[in-house]
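# A look at the structure
The primary structure of each chain is shown beneath.
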Amino acid sequence: GGSYWLSIPCIVEGQKDGKDVKYMAKIVNNMSAIKHRYMTMLRNLGVLAGAADLRFDRYASAKEMVSFERYCLARMKGELVNAPAVIGTFRLNEDDYMLVREYIEGRPLSEVPLDDRMLDQIFGDVRTMHDHGFVHGDIKLDNFLVSGETVYIVDCLKVGYTGFHEAKSFDLVCTICAMCQKAPVDRVLEHARKYFSSEAILRAGKLLDVALSKVDIELPEAKVRELRQALGNPI
């Protein structure tokens with residue numbers, strides 16, 4: 001599931017210590033980095049239109065893309081956020097690189113029902129990242145992988161840390177919007193308030209239009225109006 005225009009996902013199978021093993025891999029090349037620069041430009045234009053102190057950073061090369069994602073996943077795992085373990089990064093040829101991580105049998109959150117336990121886990125993990133000085137940068141339904149009773153977070157984006165507080169607010173409002181695609185607004189906000197103060201939620205609400213400009217967040221107008229009212233962001 002999900003959108004793979006920036007990379008090629010594949011499964012790596014083999015044997016280790018006489019046992020069959022399977023890993024998840026992602027292949028990127030310098031064309032992936034060029035596509036990401038274009039995407040970053042559009043994201044920053046959306047941020048500029050919303051007058052937010054936030055900036056998405058581009059990657060210089062495919063090597064930097066896989067290195068950054070390896071760093072993100074390892075850091076999340078180290079902070080006890082639910083994330084797949086990193087196996088390593090590998091150079092395949094001149095400009096193709098592969099990130100290999102733990103294979104998790106599951107489905108993207110966009111394809112499964114969202115329950116209260118998942119909401120608590122997701123908002124709790126986002127709060128944990130923020131408490132450790134780290135943001136995700138690209139929260140959307142397809143960047144949550146559901147396996148059994150666990151929701152795993154994958155695929156971070158590079159965010160400039162000159163506006164770290166704005167970046168945290170952007171993470172939070174994107175989480176709220178993404179979850180509202182699967183659940184009623186009042187239910188989502190009820191769980192958000194367990195992990196974030198009213199002040200933090202209202203600050204996040206100032207970036208609602210920036211979040212709604214993301215192509216991967218689509219909400220009906222009725223929910224947008226409800227969110228505006230709840231987040232103190234009238235038209």
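Coordinates for the structure precede this section.
Residues numbered from 1 in each chain as written. Predicted model: local features only at pLDDT ≥ 70, side-chain atom pairs only at ≥ 80, totals over all residues. Heavy atoms only, no water.

### Section: the sheet that holds strand 1 (residues 8-16)
Selection criterion: When DSSP finds two or more bridges between two strands, those strands count as paired. By definition, any uninterrupted DSSP run of H or I lasting at least four residues is a helix, any uninterrupted run of E lasting at least two residues is a strand, and each is numbered from the N terminus. Simply put, an axis is a line fit to the C-alpha atoms, just over the touching stretch for a helix, and the angle between two N-to-C directions goes from 0 to 180 degrees.
Across the sheet, which stays open at both edges, the four strands sit in the order 1-2-4-3 with antiparallel pairing between neighbours. Each edge of the sheet is formed by a strand with only one pairing partner; in this case those strands are strand 1 and strand 3 (86-91). Across the sheet, the mean angle separating the axes of adjacent strands is 25 degrees when strand polarity is ignored. As judged from the six bridges shared by strand 2 (residues 19-28) and strand 4 (residues 97-102), these two strands associate in the antiparallel manner. Its bridge partner being in strand 4, Y23 is matched across the sheet by E102.

### Describing the side chain of N143
Selection rule: Note on definitions: a residue-residue contact is assigned when non-hydrogen atoms from the two residues lie within 4.5 Å.
Mapped onto the elements, N143 comes out in the loop between helix 3 (116-131) and strand 6 (144-147). Leaving out residues up to four positions away in the same chain, N143 has contacts with H136, D138, Y152, I153, V154 and D155.

### Looking at the layout of surface pockets
Basically, it comes down to this: The way it works is a 1 Å grid over only the protein atoms, where trapped points that fit a 1.4 Å probe form a cavity and open points with protein on both sides within 12 Å along at least five of seven lines form a pocket, and then any residue with an atom within 4 Å of a point lines it. Grid points are joined across faces, edges and corners, and a volume is the space filled by probe spheres set on the points. By the convention adopted, Pro, Cys, Tyr, Trp, Phe, Met, Ile, Leu, Val and Ala count as nonpolar, Lys, Arg, Asp and Glu as charged, and the other residues, Gly among them, as polar.
Estimates place the volume of the second largest pocket at around 190 Å³. Lining the second largest pocket are R127, H130, D131, H165, K168, S169, L172, F196, S197, A200 and R203. Elements supplying a minimum of two residues to the lining of the second largest pocket: helix 3, helix 4 (164-180) and helix 6 (198-205). Here the element with the most residues in the lining of the second largest pocket is helix 4; it accounts for four residues. The class makeup of the residues in the lining of the second largest pocket is three nonpolar, four polar and four charged.

What is shown is where atoms sit, not what they do.
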